[in-house]
Amino acid sequence: MKVSTVAEMRAMDRAAIEEYGIPELLLMENAGLAACQVIERRMEIAGHTFAIFCGVGNNGGDGLVVARQLHARGGRLHVFILGDPDRYQGAAAVNYQAARRLGLEVVRLEQADGAVPALATCDAVVDALLGTGLTRDVTGLYAAVIAHINASGKPVFSIDIPSGVNGDTGQVMGVAVQATATITFGLPKVGNLLYPGYGLGGELWVSHISFPPALYDRAELPIAIHTPLSLPPRPPDGHKGTFGQALFIAGAANYYGAPYYAAASFLRAGGGYARLAAPAPVVPHIAAVGNEIVFLPQAATDAGSLAYGNKEELLELCGRMDFVVMGPGLSLHEETQQLVRELALAIDRPLLLDGDGITAVAHGLADEGYRVAFRQAPAPRIFTPHLGEMARLTGLSTAQLLADRIQRLQHACADFNAIIVLKGAHSLVGYPDGRVFINTSGNSGMATAGSGDVLTGTIAAMTGLGLPVDEAVRQGVFVHGLAGDLAAQAMGEDGMTARDVLAHLPQAVRLCRQGLPPELQHRYNVVRRV
Ligand SMILES: NC(=O)C1=CN([C@@H]2O[C@H](COP(=O)(O)OP(=O)(O)OC[C@H]3O[C@@H](n4cnc5c(N)ncnc54)[C@H](OP(=O)(O)O)[C@@H]3O)[C@@H](O)[C@H]2O)[C@@H](O)CC1
Ligand SMILES: [K+]
């Protein structure tokens, strides 16, 4: 499903009205009706009491439709308006007048405490305070009412987005409603899907409010939720070369886990032939745990990291591979970092950079000349940074990134001509052409050492299984998250390690081929349609 920014939703709204002739009043009616239908799925309406909080924009207008629809179904209501109702315009003003003429109890709330008795006695709350028109931090009366709503312990249905969550970023602007369910309109907004906004929304529902698919499913909308891709069938007569040859340039003294997890995950996720180029002194340590990997011992620096002198041999090796991963556990030794920077420009195979590889190249990218050369690299480049590494790559602070994750990602992908996986809860996969996919598999138990190394090999394996590089990256992110979810099912999120994620990769790939069981399908389809 596509996901929209606030500006894109405004444009769709305008197009629905102006191009397709759907009156604003109908759109608002559809929105309020859809919200009412979601409430009806969760609870009986007749005989129950609802506290409805409306702002003075169109989000509040939607709330007034909900009030009328609940009233029609026998619900009892307390409707509060925060602000001057004279500010309602267009459809919202019409719905305000209708609510008045129906004799609904509509109160302009001047003091937050005035809502307390209704919150104490109601059965559910409707939050129609602020939608996509949120422009600044929530303070004063709005903030106090939101605090009362959150303290009420009642089920909360948020209209479009939990009030206080920024529709473009998912960030909380001061304070925000914690909802039980959110009904969003047209398409889910970015803020409905990115944390913390996603976590605040509860169960997420969307109504297309009669927009035609030509509007909400347009190819030009660049942001979407990742849908699992089908893997090409495994040729029965395939040999290990058929399933990809991947080279991992990884490891240094005292970094044995990262190279092992990276290379082993390639094999566990279905890849054919894993070669690991690591400094010679560390190879025996890794071989002790992973003898299914083919080792290519390299000359080491005094510190036990990869020596610069390996460059030509490594380049020659890469030329015989299908995919290269460079970075896991390479260390920050300057000689090695220089080697990585130069290899990152020259390797003529799809190249994934992670961990210390990202740090090395980030230093290079700060220089305009290097950046120009990197953009023109002879084959696709992929970065898999967590937020801190993304900050290093872009020269921005983590706060700046969080304040606008999608746009920053789009900008970086275009700037570096690279595919970037920004890891975290709901990882993002960005492409140089502006597309961004939101991944919904995975869990917080995966925030553990080595988990990122497993991701690198999983992505490499997806190319080995026959997906083109751009699809392999997002499918790899999905499969990695699925393996993490299977590990969490088996042992709980708290104590799981990268080893457990690795161990569940075969089952994850098998489920991708056979089809996900209904409970996982339900979990990953994070948006329900109404
Ligand atoms: N998608 C669609 O096609 C459809 C969309 N629809 C609905 O329209 C909604 C968008 O409506 P919208 O543009 O009127 O904005 P909305 O969210 O009501 O907020 C504006 C008001 O909030 C105020 N305000 C802002 N920040 C504030 C703060 N921090 N603290 C306090 N106040 C603050 C601002 O005040 P001002 O800045 O002017 O002082 C203004 O009064 C959308 O979310 C969806 O529900 C449906 O009707 C169906 C069709
Ligand atoms: K809202």
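On a predicted model such as this, the values are computed, not experimentally measured, just so you know.

Caption draft 1: Representation of the nonpolar core within the structure. Core analysis: the biggest nonpolar cluster contains 62 residues, and Phe248, Met462, Val473 and Leu482 have the highest contact counts within it. Considering each element in turn, this core owes the most residues, 11 residues, to helix H20 (residues 469-491). Residues Ile223, Cys318, Ala344 and Phe374 belong to the second largest nonpolar core, which totals 54 residues.

Caption draft 2: Representation of the pairing of strand S10 (residues 273-279). By the criterion of burial, S10 is predominantly enclosed, with six of the seven residues buried. With helix H10 (residues 257-268) bridging strand S9 (residues 245-249) and its parallel neighbour S10, the resulting β-α-β unit is right-handed. In terms of strand pairing, S10 meets strand S11 (residues 294-298) through five bridges, oriented parallel. Bridge pairing in S11 links proline 279 to glutamine 298.

Caption draft 3: Region of interest: the pairing of strand S5 (residues 156-159). What you see with S5 is no split at all: Val156 and Ser158 on one side and Phe157 and Ile159 on the other are buried throughout. Taken together, the three bridges between strand S4 (residues 124-128) and S5 define a ladder with parallel strand orientation. Across the sheet, the residue bridging to valine 126 is phenylalanine 157, located in S5. Considered for its hand, the β-α-β crossover made up of S4, helix H6 (residues 140-151) and S5 is right-handed. Examined bridge by bridge, S5 and strand S6 (residues 181-185) share three bridges and lie parallel to one another.

Caption draft 4: The arrangement of the domain arrangement of the protein chain in detail. Taken as a whole, the protein chain is organised into domain 1 (6-221) and domain 2 (246-529). Listed as interface residues are 13 residues of domain 1 and, on the opposing side, 13 residues of domain 2. At the boundary of domain 1 with domain 2, total buried surface from both sides reaches about 1,300 Å², with 63% on carbon and sulfur atoms. Where domain 1 meets domain 2, there are zero salt bridges. Connecting domain 1 to domain 2 are five residue pairs in polar contact (both at pLDDT 80 or more). Of all the elements in the fold, those that place two or more residues in the side of domain 1 that touches domain 2 are helix H7 (190-193) and strand S7 (203-207). Among the elements that take part in the side of domain 1 that touches domain 2, S7 stands out by supplying four residues, more than any other. Across the side of domain 1 that touches domain 2, the residue classes break down as nine nonpolar, three polar and one charged.

Here is what the cut-offs are and how they apply
Numbering of residues starts from 1 in every chain and runs along the sequence as written. In the order they appear in the text, chains get letters beginning with A and ligands get numbers beginning with 1. Note on the predicted model: pLDDT of at least 70 is required for a residue's local features to be given, and 80 or more for side-chain atom pairs to be given and counted; whole-chain, interface and lining totals, by contrast, use all residues. Only hydrogens and water are set aside when side-chain values are computed; all heavy atoms of the structure are taken into account. Here, nonpolar core means buried Ala, Val, Leu, Ile, Met, Phe, Trp, Tyr and Cys residues that are tied together by side-chain atoms lying within 4.5 Å of each other. The cut-offs for exposure are 20% and 50% of the maximum accessible area for each residue type, with area from a 1.4 Å probe on protein chains only; residues under the lower value are buried, those over the upper are exposed, and the others partly exposed. Only DSSP runs of H or I covering at least 4 residues are called helices, and only runs of E covering at least 2 are called strands; the numbering of each starts at the N terminus. The crossover handedness rule: strands pointing away from the viewer, path from first strand over the helix to second strand clockwise, crossover right-handed. Following DSSP output, two strands are said to pair if at least two bridges run between them. Where each domain begins and ends follows an automated or database-derived domain assignment. Whether two residues are in contact is decided by their heavy atoms, any of which lying within 4.5 Å being enough. Each of two parts loses accessible area, computed with a 1.4 Å probe, when they are put together; buried area is these two losses added. Throughout this description, the term salt bridge denotes a Lys or Arg side-chain nitrogen within 4 Å of a carboxyl oxygen of Asp or Glu. Here a polar contact means two N or O atoms within 3.5 Å. Within protein one must be a hydrogen donor candidate and the other an acceptor candidate, and residues neighboring in sequence count only if both atoms are side-chain atoms. Side-chain classes are defined by residue name, with Ala, Val, Leu, Ile, Met, Phe, Trp, Tyr, Cys and Pro counting as nonpolar, Asp, Glu, Lys and Arg as charged, and the others, Gly among them, as polar.

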